[in-house]
Amino acid sequence: MKIPLDLLEALGIASQDIVKIDMLGGGVSADIWRLDLAHETVVVKRARRSLKVEADWQADPKRIQSEIDWHNFVRSFLPESVPEIIAVAPEHHAFSMGLLEYPLWKAELLKGKVKPRFAEQVAQHLVRIHSMSTTRSEIRQQFAHDDLFYALRVEPYFLTTADKHVAIGDTLRELGHNLLVTKLALMQGDISPKNILIGTASPVFLDAETACYGDPAFDMAFCLTHLMLKVLLQPKQLPILMASVRTMFSTYLAGVDWEDTGHLGERITRLLQAIMLARVDGKSPVEYLDSKQQALVRNFCVTSIKTSVSDLDRLIHDWSNEIQLH
Ligand SMILES: Nc1ncnc2c1ncn2[C@@H]1O[C@H](COP(=O)(O)OP(=O)(O)O)[C@@H](O)[C@H]1O
Ligand SMILES: [Mg+2]
């Protein structure tokens, strides 16, 4: 897709300065261009109303403001952990930011390069961000985006999946509902290896369109889901992937200073099973599982949700057994 001239203008980019334009792929919710300019390289991101998935999934493009606000918030205390915002164009639901040429965590994981130490760093940064958000009184109001979080997470992940699984439908609906009523810290909303760059000084977090004040357990569960599911692609990496899950979880909990960690750990574990299932039967299934692998995830998650597994070690143990059996 061509970048509109009026968008360039609104961002203060002169078309004669552009040396090269490429589209950056990977995501479903935005159009992203890399612009090589005469003296710098920038990334332009514009939110889409209609998301690029098979199912019909619409969301207000004004959500780009949440991403701008989240980047600015994090930049105020962890400047290395987010790209710098260069210009904003609210009328186009777009902004420009610096390009950070670091490897994407997802690409490294898919190559089999799994480093628990990096998962630990992600947890350290995430818990710092969550904790900081609880100390700033204006953040809750600024990120009161329940309508967006409903449209982008609760409905497509929890409610859509609930409709496909009658036996555990009520549990999934309750988990989704709890996410809307729990107000403890600022969720980024899309903490996933495909939105995290392996920066030299720190992980770099991208893609905060879904940021909303709510339950920080969601961010951890959302991210751990990917480490759990990657095992299906690389069964030999089971020990190191599960070590990453464990260290990410324990590092995160060690940094929590706003609530009791026992209860938080249980919420993360319950959400994790629900989101694993949603990545198969919700509106945004992961693209890398075949139908046999999807069936395995489905059976495993339905059983563990039915038996109310709330202990992460137990979940890892059961999941490891399941993988080794197949
Ligand atoms: N500032 C940036 N520097 C480097 N790569 C980026 C930057 N912004 C986005 N990307 C790349 O583009 C991809 C899509 O961007 P993202 O913000 O995640 O959009 P989407 O909402 O479509 O997922 C990312 O996964 C990343 O690979
Ligand atoms: Mg993304």
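As the structure is a computational prediction, the values presented were derived from the model and not from experiment. (Residues numbered from 1 in each chain as written. Chains lettered and ligands numbered in written order. Predicted model: local features only at pLDDT ≥ 70, side-chain atom pairs only at ≥ 80, totals over all residues. Heavy atoms only, no water.)

(A) Broad picture of the layout of surface pockets. Approximately 330 Å³ is the volume found for the second largest pocket. In terms of lining, the second largest pocket is formed by 17 residues, of which the most central are Glu174, Leu175, Asn178, Arg267 and Arg270. Those elements giving two or more residues to the lining of the second largest pocket turn out to be helix 7 (166-181), helix 10 (261-281) and helix 11 (291-306). Here the lining of the second largest pocket is built from residues that sort into 5 nonpolar, 7 polar and 5 charged. (1 Å grid on protein atoms, 1.4 Å probe; cavity = no way out; pocket = protein on both sides within 12 Å on 5 of 7 lines; lining within 4 Å. Points joined across faces, edges and corners; volume = space filled by probe spheres on them. Helix = DSSP H or I, 4+ residues; strand = E, 2+ residues; numbered from the N terminus. Nonpolar A, V, L, I, M, F, W, Y, C, P; charged D, E, K, R; others polar.)

(B) Fine view of the domain arrangement of the chain. Domain annotation for the chain reports domain 1 (5-98) and domain 2 (105-325). Centre-to-centre, using C-alpha coordinates, domain 1 lies 25 Å away from domain 2. Between domain 1 and domain 2, the contact holds 30 residues from the first and 31 residues from the second. Summed over both sides, the interface of domain 1 with domain 2 buries roughly 2,400 Å², with 66% coming from carbon and sulfur. Together, Trp57, Trp70 and Phe73 form the three largest contributors to the area buried by domain 1 at its contact with domain 2, with a combined 31%. Note that Asp207 is salt-bridged to Lys45, the shortest N-O span being 2.6 Å. Those elements that provide at least two residues to the side of domain 1 that touches domain 2 are strand 3 (41-47) and helix 2 (64-75). Ranked by the residues each element gives to the side of domain 1 that touches domain 2, the list is headed by helix 2, at 8 residues. Of the residues in the side of domain 1 that touches domain 2, the class split is 15 nonpolar, 8 polar and 7 charged. (Domains from an automatic or database assignment. Contact = heavy atoms within 4.5 Å. Buried area = accessible area lost by both parts, 1.4 Å probe. Salt bridge = Lys/Arg side-chain N within 4 Å of Asp/Glu carboxyl O.)

(C) Molecular detail of the packing of helix 9 (residues 238-254) against helix 10. Interaxial distance between helix 9 and helix 10 falls to 10 Å at its minimum, and their mutual angle equals 145°. The hand of the helix 9/helix 10 crossing is right-handed. Between helix 9, through Phe249, Tyr252 and Leu253, and helix 10, the contact on the second element is made entirely by Thr261, Leu264, Gly265, Ile268 and Thr269. A per-class count over the contact of helix 9 with helix 10 returns 5 nonpolar, 3 polar and no charged. (Axes fitted to C-alpha atoms, helices over the stretch in contact; angles between N-to-C directions. Left-handed = near helix turned anticlockwise from the far one by under 90°.)

(D) Representation of the site of ligand 1 in the model. Surveying the vicinity of ligand 1 reveals 21 residues, the closest of which are Ser29, Lys45, Lys194, Asn195 and Asp207. Residue Lys194 places a main-chain N or O atom 2.8 Å away from an oxygen atom belonging to ligand 1. Measuring from an oxygen atom of ligand 1, one finds a side-chain N or O atom of Asn195 at 2.8 Å. Bound to the protein, ligand 1 loses 92% of the 550 Å² it would expose on its own. Elements with a contribution of two residues or more to the shell around ligand 1: strand 2 (30-37), strand 3 and strand 5 (94-98). For the shell around ligand 1, the per-class residue count stands at 12 nonpolar, 5 polar and 4 charged. (Near = heavy atom within 4 Å. Polar contact = N/O pair within 3.5 Å; in protein donor to acceptor, adjacent residues only side chain to side chain. Areas by Shrake-Rupley, 256 points an atom, 1.4 Å probe, with all protein chains shown as cover.)

(E) Local environment of the pairing of strand 4 (residues 85-89). As defined by bridge partners, strand 4 adjoins strand 5 across 4 bridges and the pair is classed as antiparallel. Its bridge partner lying in strand 5, Ile85 is registered against Met97. Counting the residues in the hairpin turn of strand 4 and strand 5 gives 4 residues, including His93, whose phi is positive at 55°. (Pairing = 2+ DSSP bridges.)

(F) Fine view of the packing of aromatic side chains. Throughout the structure, instances matching the rule amount to 8 aromatic pairs. Between Trp70 and Phe205, the ring centres sit 6.3 Å apart and the planes meet at 80°, which makes this aromatic pair edge-to-face. In this pair, Trp70 is assigned in helix 2 and Phe205 in strand 8 (residues 203-205), connecting sequence segments 135 residues apart. According to the relative accessible area criterion, Trp70 is buried, its value standing at 0%. On the accessibility criterion, Phe205 (0% relative accessible area) is buried. Taken together, the aromatic side chains of Phe149, Tyr157, Phe218 and Phe222 make up a single cluster linked through ring pairs. (Phe/Tyr/Trp six-rings, centres within 6.5 Å; stacked < 30°, edge-to-face > 60°. Buried < 20%, exposed > 50% of the residue type's maximum accessible area, 1.4 Å probe, protein only.)

(G) Seen up close, the coordination of the magnesium ion (ligand 2). The protein atoms donating to the magnesium ion (ligand 2) are Asn195 (OD1) and Asp207 (OD), with metal-donor distances spanning 2.1 to 2.2 Å. Separated by 12 residues along the polypeptide, Asn195 in the loop between strand 6 (185-187) and strand 7 (196-198) and Asp207 in the loop between strand 8 and strand 9 (212-214) bring together distant segments of the chain. A relative accessible area of 5% means that Asn195 is categorised as buried. (Donors = N, O, S within 2.8 Å, 3.2 Å for Na, K, Ca; no water.)

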